[in-house]
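# Inside the fold
This is what each chain is made of:
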Amino acid sequence: MLCNSSQVDLDNIEEEEFPGVQDLEFLDCILEEGDMLYIPPKWWHNVRSLTTSMSVSFRWSDYDSSAKS
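Overview of the structure. Fair warning: this is a prediction, and the values are worked out from it, not measured in the lab.

Reading the values: rules and limits
Residues numbered from 1 in each chain as written. Predicted model: local features only at pLDDT ≥ 70, side-chain atom pairs only at ≥ 80, totals over all residues. Heavy atoms only, no water. Helix = DSSP H or I, 4+ residues; strand = E, 2+ residues; numbered from the N terminus. Buried < 20%, exposed > 50% of the residue type's maximum accessible area, 1.4 Å probe, protein only. Areas by Shrake-Rupley, 256 points an atom, 1.4 Å probe, with all protein chains shown as cover. Patch = residues over 30% accessible without salt bridge, like charges linked within 9 Å, V, L, I, M, F, W, Y side chains within 5 Å. Salt bridge = Lys/Arg side-chain N within 4 Å of Asp/Glu carboxyl O. Lys, Arg positive; Asp, Glu negative; His and termini not counted. Charge placed at Lys NZ, Arg CZ, Asp CG, Glu CD.

### Notes on the overall build of the protein
Helix and strand counts for the protein stand at zero helices and zero strands. Looking at the protein as a whole, 4% of its 69 residues qualify as buried. Total accessible area on the protein stands at roughly 7,500 Å², and carbon and sulfur atoms take up 52% of it.

### Digging into a negative patch on the surface
Judged by side-chain charge, Asp9, Glu14, Glu15, Glu16 and Glu17 come together as a negatively charged surface patch. When its relative accessible area of 74% is taken as the criterion, Glu16 is described as exposed.

Below you can see the structure in the form of structure tokens.
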């Protein structure tokens, strides 16, 4: 798994291992054909496809310029 990926399986949460996950606030939406969702940098997100679909992600090598001195 990537270092920036969550270890929590949101479809099968192990409450003993991740007790705080049940208290998290979340947004839920269903996108229709032609819709697009913008997810801001560093926002944790989970995506589940209800039908055959295509997803495109852009990962920039310098997306956190504030960490540089």
